[in-house]
Amino acid sequence: MKKLSYVLATALFAGLPTLALAAGAIDGGTRQAVNWVAIGMFVAFVAFTLGITYWAAKQTASAADFYSAGGGITGFQNGLAIAGDYMSAASFLGISGLVYTSGYDGLIYSVGWLVGWPIVTFLIAEQLRNLGKFTFADVTSFRLGQTEIRILAACGSLVTVAFYLIAQMVGAGKLIQLLFGLDYWMAVVLVGGLMMIYVTFGGMKATTWVQIIKAVLLLMGATFMAGAVLYKFGFSPEALFAKATQVHPKKTAIMEPGSLISNPLSAISLGLALMFGTAGLPHILMRFFTVKDAQAARKSVFYATGFIGYFYILTFIIGFGAIVLVSTDPAFLDGSILEKTKSGIAAIKGGSNMAAIHLANAVGGNVFLGFISAVAFATILAVVSGLTLAGASSISHDIYAMVIKDGRADERDEIRVSKIATLFLGVLAIILGIVFENQNVAFMVGLAFAIAASCNFPVLVMSIFWRGLTTRGALIGGFLGLISAVVGVILSPAVWEVTLGNPKGSAPVALDNPALFSMTLAFAGIWLFSVLDRSTRAKVDRGGFDAQYVRCQTGIGAALATTH
């Protein structure tokens, strides 16, 4: 198996330049100019991270090493890794693209995502570390029925991971398609292949260090890009915004709220998804098990919030910088679209998700374009690896080890199942990435947050804080939230009309994001069916709350780190 991984890695590594030369252009019949600087930086990053994976693979001997890096990551390191996980393709490419097309309103995603962190800090960070071991299902099943709750948690995790993966694969595909001239599907397959190698052989340790390195590089690159934009305007944001309102087709409307989401219900629904979805994302929740104790978990969130908040300020400047410097430069625009629409905003090569990439070329030339492209690629690989590890853990730990084997699984078998699950999720991510090619990546992540906020978050928070919760209530309420969120997403205009190609106006659900109703349904279902539950199991569930509360507050009996 290891030999196969290195053969695959070598093939991917060596094939990039060849594929770049062999492919046609992404927009028209002429061949895309090959950016050798970008290719060199891509290859260097891939080689470096494969080296990290090789190092991590030699140190990954147990399930604790594979799932949680042995609990030996420090609070600062974990904070950077969380930021790396969170500063995804949606954050970097998607938000800057939304600001590029819609102006001020594009910030609704970054504000919503950032506000979610105080909820994580004060509600669940320490409790998670004290109660859990590898996945958040360890927490929700602490006093509830193991089989039912772990199946629910695994379903919620896998659906969330699937939607989140779509955004990352679309971002990666568009990025590599633009730079190398590859066909979109080839770009998606390349990313999927590399991700499978990282997770299968390096586990959480490799994933963590890839995320840390990527976070540092992304913060450096975004800082330089935003600084270069402001430099062109004498470091005056006011001058930048004034120029943007002159060149954007919407003029001063880009400085007003309401252009992206005009329906108040849609705005509330999206806000709820972004705020509470953070506390239900399985790949973020897993990170709290990589530190040694609850204090380190709290520090992780503190550092992560600072890094993420700073980064979101930069994406705002980058988006407006792209309006001024990219939409007015024919080098970054598709001539046929520009002639048809007369709008530089609509004619951007590669779509709005590529606004930040083109801006890097505008302010720093070919070398900086290569750097930012490699960093964006690193961003996507790191997040995809974390997501895949979370999904694989749900299958191997929650379903295989705790449900099928009833907690008596051999560690080697459990890790083997996790690696098989990784390959399955990798193939699924590639297929979904191809199907959802034309969606904005920030929007797609918003849908993943809606599902996390409607299933994972209600069950998790109620299991920690409400004595009256029962297995039946959690199971029915959790599935009500999950099913209603998924159905709401599929029947929304964005998926029903845009992705599936049905006629405009035919979507059965008017809201693009269903969180307002699916979250309400989940909490109401959990409360109602728990209150009505008079079974013997319900008495056991309620009776276990005191022991859980003590462990939750003190950490007595919590899983300890295996390495420091």
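Residues numbered from 1 in each chain as written. Predicted model: local features only at pLDDT ≥ 70, side-chain atom pairs only at ≥ 80, totals over all residues. Heavy atoms only, no water.

## Considerations on the overall build of the protein chain
Thinking step 1. Assigned secondary structure in the protein chain consists of 22 helices and zero strands.
Thinking step 2. Every one of the 564 residues in the protein chain was classed for burial, and the buried ones make up 60%.
Thinking step 3. Here the contacts in the protein chain between residues at least 6 apart in sequence split such that 82% fall between residues at least 24 apart. (Helix = DSSP H or I, 4+ residues; strand = E, 2+ residues; numbered from the N terminus. Buried < 20%, exposed > 50% of the residue type's maximum accessible area, 1.4 Å probe, protein only. Contact = heavy atoms within 4.5 Å.)

## Structural notes on the pattern of salt bridges
Note that side chains of opposite charge can pair when their charged atoms are close.
Thinking step 1. Evaluated as defined, the whole model comprises six salt bridges.
Thinking step 2. Close ionic contact of R150 with D138 constitutes a salt bridge, the shortest N to O distance being 2.8 Å. With a gap of twelve residues between them, R150 in helix α8 (residues 146-180) and D138 in helix α7 (residues 137-140) connect regions that are remote in the sequence. In this pair, the class of R150 matches that of D138, namely buried. (Salt bridge = Lys/Arg side-chain N within 4 Å of Asp/Glu carboxyl O.)

## Considering helix α18 (residues 471-490)
Thinking step 1. Given a rise of 1.5 Å per residue, 20 residues ought to cover 28 Å, and the 28 Å separating the end C-alpha atoms of α18 matches this to within 8%.
Thinking step 2. Considered for burial, the residues of α18 that qualify are T471, G473, A474, G477, G478, G481, L482, A485, V486, G488 and V489. Axial view of α18: buried residues confined to an arc of 165 degrees, hence all on one face. (Expected span 1.5 Å × (residues − 1). Arc of directions from axis to C-beta.)

## Some words on the packing of aromatic side chains
Thinking step 1. Under the defined criterion, the tally for this structure stands at 15 aromatic pairs.
Thinking step 2. Measuring from centroid to centroid gives 5.8 Å for F302 and Y303, while their planes differ by 65 degrees, and the two rings are edge-to-face.
Thinking step 3. Assessed through its relative accessible area of 62%, F302 is described here as exposed.
Thinking step 4. Its relative accessible area of 30% is what places Y303 among the partly exposed residues.
Thinking step 5. Between the aromatic rings of F457 and F523, the centroid separation amounts to 6.2 Å while the plane-to-plane angle is 75 degrees, which identifies the pairing as edge-to-face. Of the two residues, F457 is situated in helix α17 (residues 441-465) and F523 in helix α20 (residues 515-531); the sequence distance between them amounts to 66 residues. (Phe/Tyr/Trp six-rings, centres within 6.5 Å; stacked < 30°, edge-to-face > 60°.)

## So, the packing of helix α4 (residues 75-86) against helix α13 (residues 294-325)
Thinking step 1. Interhelical geometry of α4 versus α13 gives an angle of 45 degrees and a closest axis separation of 7 Å. In this view, α4 runs oblique relative to α13, as classed from their interaxial angle. Note on packing geometry: the crossing formed by α4 with α13 is right-handed. Between α4, through G75, F76, N78, G79, L80, I82, A83 and Y86, and α13, the contact on the second element is made entirely by A296, K299, S300, Y303, A304, F307, I308 and Y312.
Thinking step 2. For the contact of α4 with α13, a count of residues per class yields eleven nonpolar, four polar and one charged. (Axes fitted to C-alpha atoms, helices over the stretch in contact; angles between N-to-C directions. Parallel < 35°, antiparallel > 145°, perpendicular 65-115°, else oblique. Left-handed = near helix turned anticlockwise from the far one by under 90°. Nonpolar A, V, L, I, M, F, W, Y, C, P; charged D, E, K, R; others polar.)

## Section: the side chain of D541
Thinking step 1. Looking at the element boundaries, D541 is found in helix α21 (residues 536-543).
Thinking step 2. Overall, D541 belongs to the buried group, its relative accessible area being 0%.
Thinking step 3. At a separation of 2.7 Å, a polar atom in the side chain of D541 contacts the main-chain amide nitrogen of T471.
Thinking step 4. Among all residues touching D541, those that are not within four sequence positions of it are R143, L144, G145, L469, T470 and T471. (Polar contact = N/O pair within 3.5 Å; in protein donor to acceptor, adjacent residues only side chain to side chain.)

## Brief notes about the packing of helix α11 (residues 264-277) against α20
Thinking step 1. Look at α11 against α20: their axes get within 8 Å of each other, and the N-to-C directions meet at 60 degrees. Between α11 and α20, the crossing angle belongs to the class labelled oblique. Across the interface between the two elements, L265, I268, S269, L272, A273 and F276 from α11 touch A515, L516 and M519 from α20.
Thinking step 2. Classifying every residue of the contact of α11 with α20 gives eight nonpolar, one polar and no charged.

## Some points on helix α10 (residues 237-247)
Each α-helix turn comprises 3.6 residues. Residues three or four places apart therefore point the same way.
Thinking step 1. Where α10 is concerned, the buried positions are L240, F241, A244 and T245. Buried positions in α10, seen along its axis, are confined to an arc of 130 degrees and lie on one side of it.

## Considerations on the environment of T290
Thinking step 1. Note that T290 resides in the loop between α12 (282-285) and α13.
Thinking step 2. Residue classification places T290 among the buried positions, given a relative accessible area of 0%.
Thinking step 3. Separated by 215 residues in sequence, T290 and G75 have C-alpha atoms that sit 9.2 Å apart.

## Remarks on the environment of F320
Thinking step 1. The residue F320 is located in helix α13 in this model.
Thinking step 2. The class of F320 is buried, set by a relative accessible area of 0%.
Thinking step 3. A C-alpha to C-alpha distance of 7.1 Å links F320 and G103, two positions 217 residues apart in sequence.

## Re the environment of A524
Thinking step 1. Mapped onto the fold, A524 is located in helix α20.
Thinking step 2. C-alpha separation for the pair A524 and G473, spaced 51 residues apart in sequence, amounts to 9.6 Å.

## Description of the confidence of the model for the protein chain
Thinking step 1. Of the residues in the protein chain, 88% have a pLDDT of 70 or more, and the chain-wide mean is 80.
Thinking step 2. Under a pLDDT of 50 for its full length, residues 1-32 has, in the predicted model, 56 contacts with residues more than four places off or in other chains. (pLDDT = per-residue confidence, 0-100.)

## Some details on unusual backbone geometry
Thinking step 1. Backbone geometry places F235, a non-glycine residue, at a positive phi of 55 degrees.
Thinking step 2. Tracing the sequence through the fold places F235 in the loop between α9 (184-231) and α10.
Thinking step 3. Despite not being glycine, K251 shows a phi value in the positive range, around 55 degrees.
Thinking step 4. With respect to the helices, strands and loops of the structure, K251 is situated in the loop between α10 and α11.

## A short note on the side chain of S454
Thinking step 1. As for its position among the elements, S454 is in helix α17.
Thinking step 2. If near-sequence neighbours (up to four positions away) are discounted, S454 is found in contact with G478, G481, L482, A485, A515, S518, M519 and A522.

## Describing the state of the cysteines
Where two cysteines share a covalent bond between their sulfur atoms, that bond is called a disulfide.
Thinking step 1. Applying the stated criterion across every chain yields a total of zero disulfides.
Thinking step 2. Cysteine C155 remains unbridged, with the sulfur of C455 as its closest cysteine sulfur at 7.9 Å.
Thinking step 3. Take C455: its relative accessible area is 1%, and that puts it in the buried class. (Disulfide = S-S within 2.5 Å.)

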